[in-house]
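Commentary on secondary and tertiary structure
This is what each chain is made of:
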Amino acid sequence: MFIRKISIYFVFFLKLSIYIFCTSFILSIIVSAKIISVQLADNFLYNLIVFGDFLRGIEIVELFNIIAFAVVGMGFGLATVFLPKYLGRYVSTILLIILVPIIFITTQIVRYDIWVEQIAKNEKLSFNQAKLLINSFLNQRVGNDGIYGFYLYTAKFPVLPQKKSHINSLDRLENKINSNFVRLIGVPPGIIYWTMSVCFWIIRIFYFIIVVITTIFHFREGLRIVNC
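Described below are features of the structure shown in this document. (Residues numbered from 1 in each chain as written. Predicted model: local features only at pLDDT ≥ 70, side-chain atom pairs only at ≥ 80, totals over all residues. Heavy atoms only, no water.)

Brief notes about the overall build of the protein
The following threshold applies: Strands are runs of DSSP state E lasting at least 2 residues, helices are runs of H or I lasting at least 4, and numbering of each runs from the N terminus. Classification of residues uses two cut-offs on accessible area relative to the type maximum, computed with a 1.4 Å probe and protein chains only: under 20% is buried, over 50% is exposed, and between them is partly exposed. In this analysis, two residues are considered to be in contact whenever any of their non-hydrogen atoms come within 4.5 Å of each other. In this description, accessible areas are obtained by the Shrake-Rupley approach with a 1.4 Å probe, and a residue is regarded as covered only by the protein chains that are shown.
Tallying secondary structure elements over the protein gives 10 helices and 0 strands in all. Reading the protein from its N end, one meets helices and strands in the order α-α-α-α-α-α-α-α-α-α. Relative to its full complement of 228 residues, the protein shows a buried share of 37%. If you take every contact in the protein between residues at least 6 apart in sequence, the share linking residues at least 24 apart comes to 71%. Accessible surface, the protein: about 13600 Å² in total, of which carbon and sulfur atoms supply 71%.

Side note on unusual backbone geometry
Positive phi values are uncommon outside glycine, yet Lys 124 reaches one of about 55 degrees. The topology assignment puts Lys 124 in the loop between helix H5 (106–123) and helix H6 (127–142).

What to know about the packing of aromatic side chains
Between two aromatic rings, the relevant description is the distance of the centres plus the angle of the planes. To keep it simple, the criterion reads: Two aromatic rings from Phe, Tyr or Trp, using only the six-membered ring of Trp, form a pair when their centres are within 6.5 Å; if the ring planes differ by under 30 degrees the pair is stacked, by over 60 it is edge-to-face, and anything between is tilted. Definition used: whenever NZ (Lys) or CZ (Arg) falls within 6 Å of the ring centre and also within 35 degrees of the ring normal, the charge is taken to sit over that ring.
Overall, the coordinates contain 8 aromatic pairs when judged by the stated rule. Note on Trp 115 and Phe 137: the rings are 6.1 Å apart at their centroids and 80 degrees apart in plane angle, and the pair reads as edge-to-face. Pair noted here: Trp 115 is in helix H5 and Phe 137 is in helix H6, with a separation of 22 residues, a long-range link. With respect to class, Trp 115 is no different from Phe 137; both count as buried. Taking the centre distance of 5.4 Å and the plane angle of 75 degrees together, the rings of Tyr 151 and Trp 201 count as edge-to-face. A residue pair is termed long-range when its members are at least 10 positions apart, and Tyr 151 in helix H7 (residues 146–156) and Trp 201 in helix H10 (residues 189–226) qualify at 50 residues. By relative accessible area, Trp 201 is classed as partly exposed at 30%. Cluster of aromatic residues (ring-pair linked, three or more members): Tyr 112, Trp 115, Phe 137, Phe 150 and Tyr 153. One cation-aromatic arrangement involves Arg 204 over Tyr 151; the distance from NZ or CZ to the ring centre is 3.9 Å.

Considering a nonpolar patch on the surface
Operational definition: Every patch collects residues that have over 30% relative accessible area and no salt bridge, joining them within 9 Å if they carry like charges and within 5 Å if they are nonpolar side chains (Val, Leu, Ile, Met, Phe, Trp, Tyr). A side-chain nitrogen of Lys or Arg and a carboxyl oxygen of Asp or Glu constitute a salt bridge if their distance falls within 4 Å.
A contiguous nonpolar surface patch, about 410 Å² in accessible area, is contributed by Tyr 9, Phe 12, Phe 13 and Leu 87. If you tally residues by element for the nonpolar patch, the top one is helix H1 (residues 2–43), at 3 residues. On the secondary structure map, Phe 13 appears in helix H1.

Brief notes about the packing of helix H3 (residues 65–79) against helix H4 (residues 85–104)
Put simply, the rule is: With axes taken as lines fitted to C-alpha atoms, and helix axes fitted only over the stretch in contact, angles between N-to-C directions fall between 0 and 180 degrees. Here the word oblique covers every angle except those under 35 degrees (roughly parallel), over 145 (roughly antiparallel) and from 65 to 115 (roughly perpendicular). By convention the crossing between two helices is left-handed if the near helix lies anticlockwise of the far one by an angle smaller than a right angle, and right-handed if it lies clockwise.
Orientation of H3 relative to H4, taken along the N-to-C sense of each, is 160 degrees, at an axis distance of 11 Å. Between H3 and H4, the crossing angle belongs to the class labelled roughly antiparallel. Regarding H3 and H4, the two cross each other, and that crossing is right-handed. Contacts between H3 and H4 pair Asn 65, Phe 69, Val 72 and Phe 76 from the former with Ser 92, Leu 95, Leu 96, Leu 99, Val 100, Ile 103 and Phe 104 from the latter.

Here's the deal with the side chain of Thr 106
To be explicit about the condition: Whenever two N or O atoms come within 3.5 Å, that pair is a polar contact, provided that in protein one can donate a hydrogen and the other can accept it, and provided that, for residues adjacent in sequence, both atoms are side-chain atoms.
Inspection of the secondary structure puts Thr 106 in helix H5. Among the polar contacts listed, one links the side chain of Thr 106 to the backbone oxygen of Ile 102, at a separation of 3.3 Å. For Thr 106, the residues in contact, after removing those within four places along its chain, are Val 31, Lys 34 and Ile 35.

Focus: the packing of H5 against H7
Put simply, the rule is: As a working rule, the residues Ala, Val, Leu, Ile, Met, Phe, Trp, Tyr, Cys and Pro are called nonpolar, Asp, Glu, Lys and Arg charged, and the rest polar, with Gly in that last group.
Running from N to C, H5 and H7 cross one another at 95 degrees; their axes reach a closest spacing of 10 Å. Judged on the interaxial angle alone, H7 and H5 are roughly perpendicular. Here H5 contributes Gln 108, Ile 109, Arg 111, Tyr 112 and Trp 115 to the contact with H7, which in turn contributes Gly 146, Ile 147, Phe 150, Tyr 151 and Thr 154. In terms of residue class, the contact of H5 with H7 is made up of 6 nonpolar, 3 polar and 1 charged.

Side note on H5
Put simply, the rule is: Multiplying 1.5 Å by the helix residue count minus one yields the expected span of that helix.
Helix length check: H5 (18 residues) gives 26 Å between terminal C-alpha atoms against 26 Å at 1.5 Å per residue, within 8%. For H5, the complete set of buried residues consists of Thr 106, Thr 107, Gln 108, Val 110, Arg 111, Tyr 112, Ile 114, Trp 115, Val 116, Ile 119 and Ala 120. One or two residues past the end of H5 sits Lys 124, with phi positive at roughly 55 degrees.

This is the structure we're talking about:
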């Protein structure tokens, strides 16, 4: 009887270890793929003349999430086969609720780091010095710094200044753009910024909804395949 219990516990912990390995492997692959996709977009797509700023504004790289979260959902669904039927379903569901938003904001984290690195390179500053400069800029613009401040700022103005001189002259540039809009279409700057901000937030919400739906659908498909 004692040996039987030991064997049951051994099998359970063995399967749990396999489950942890599989889900961790899936996460590492997806996060790495998202980082690479953001870097490629930043180096190539967003540097295109005319269309680059537009593609950055609509965060076109987020379309990769359809594939990424399909893999995450399916992977976590299939991995439940290594745990007791109902336990596996609940554990994977809880993990997905926690991890999906974290994976989703990976794009912003990577873009923020790329921006800091570009400022550091252009101004010949250390990473920390460039970070302080950018955080000061974000605090002035949106009242928050770091990733959160970056996320709020890019929802209003997707074009990022690449040099200290650009940061200092940004107000003048925006005033010039506003004047051109007012002259051409007669629309006040406040309405333009408000409209752009609403559009960018709608795009972000749309992408997140797609992520959630994709994850749920493929997670359920994974559960169906393993009959959990």
